[in-house]
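# What the coordinates show
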Amino acid sequence: PMNAVEKAYELAKKYNKKLGIYASPAVKISEEILKYATFIIAKSNELSVVFDEESRENILRKYPNKLFVRDDTNSTIYYNGSEMKYHRNDPDDMPNKMGMGDAFTSGFAIAYCHGNNIDDCVKFGNDVSLKVAQKRGSQKGLPHLKDFNL
């Protein structure tokens, strides 16, 4: 809910901390919060609600290495400042799509907090999301770090 995002923003700003936003369910987010956010993850079919403007590519160009757009085939697109980057990880075996966005956001944030580059953060987020998608029930599919060859 938006009140949780606003409170997280207030606290992050007060204590000079980073802020990651998973913009789902979609609501319009203030420009002030968008500028402050370290990263924003949004669903492709909800971009017009969150950003209230333009095409996907124009919105992505406005937030290089900050906005990551997801779809339900476990693909992520972002603009790195010079080109659009696409990461796709959608094998035939994806019986469950519930929780994929949350899982991606968690994986991305963990990789980011460990100092990985943006490309690796997106790849790790996609991998975590895929693990969730491969099992029924999003909680059962949540992996542990030991499940990856790190």
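Above this text is the structure in question.
A brief structural summary. (Residues numbered from 1 in each chain as written. Predicted model: local features only at pLDDT ≥ 70, side-chain atom pairs only at ≥ 80, totals over all residues. Heavy atoms only, no water.)

## A closer look at the overall build of the protein
A tally of regular secondary structure across the protein gives 7 helices and 5 strands. Going residue by residue from the N terminus, the α and β elements of the protein occur as α-β-α-β-α-α-β-β-β-α-α-α. Within the protein, contacts between residues at least 6 apart in sequence are counted, and of these 46% link residues at least 24 apart. Looking at the protein as shown, the accessible area adds up to about 8,500 Å², and 49% of this sits on carbon and sulfur atoms. (Helix = DSSP H or I, 4+ residues; strand = E, 2+ residues; numbered from the N terminus. Contact = heavy atoms within 4.5 Å. Areas by Shrake-Rupley, 256 points an atom, 1.4 Å probe, with all protein chains shown as cover.)

## Quick notes on the environment of Glu 32
Tracing the chain through its elements places Glu 32 in helix H2 (residues 31-36). Judged by its relative accessible area of 47%, Glu 32 is partly exposed. Separated by 23 residues in the primary sequence, Glu 32 and Tyr 9 have C-alpha atoms spaced 9.5 Å apart. Look past the residues within four positions of Glu 32 in its chain and what remains in contact with it is Tyr 9 and Lys 13. A polar contact is formed between the side chain of Glu 32 and the side chain of Lys 13, at a distance of 3.5 Å. (Buried < 20%, exposed > 50% of the residue type's maximum accessible area, 1.4 Å probe, protein only. Polar contact = N/O pair within 3.5 Å; in protein donor to acceptor, adjacent residues only side chain to side chain.)

## Comments concerning the sheet that holds strand S3 (residues 67-70)
Backbone hydrogen bonds are what pair the strands of a sheet, in a parallel or an antiparallel way. The sheet built from 5 strands is open, its strands ordered S1-S2-S3-S4-S5 with mixed pairing. The sheet is open, and its two borders are formed by strand S1 (20-22) and strand S5 (84-88), each paired with just one other strand. Here the average twist between neighbouring strands, direction ignored, is 15°. (Pairing = 2+ DSSP bridges. Axes fitted to C-alpha atoms, helices over the stretch in contact; angles between N-to-C directions.)

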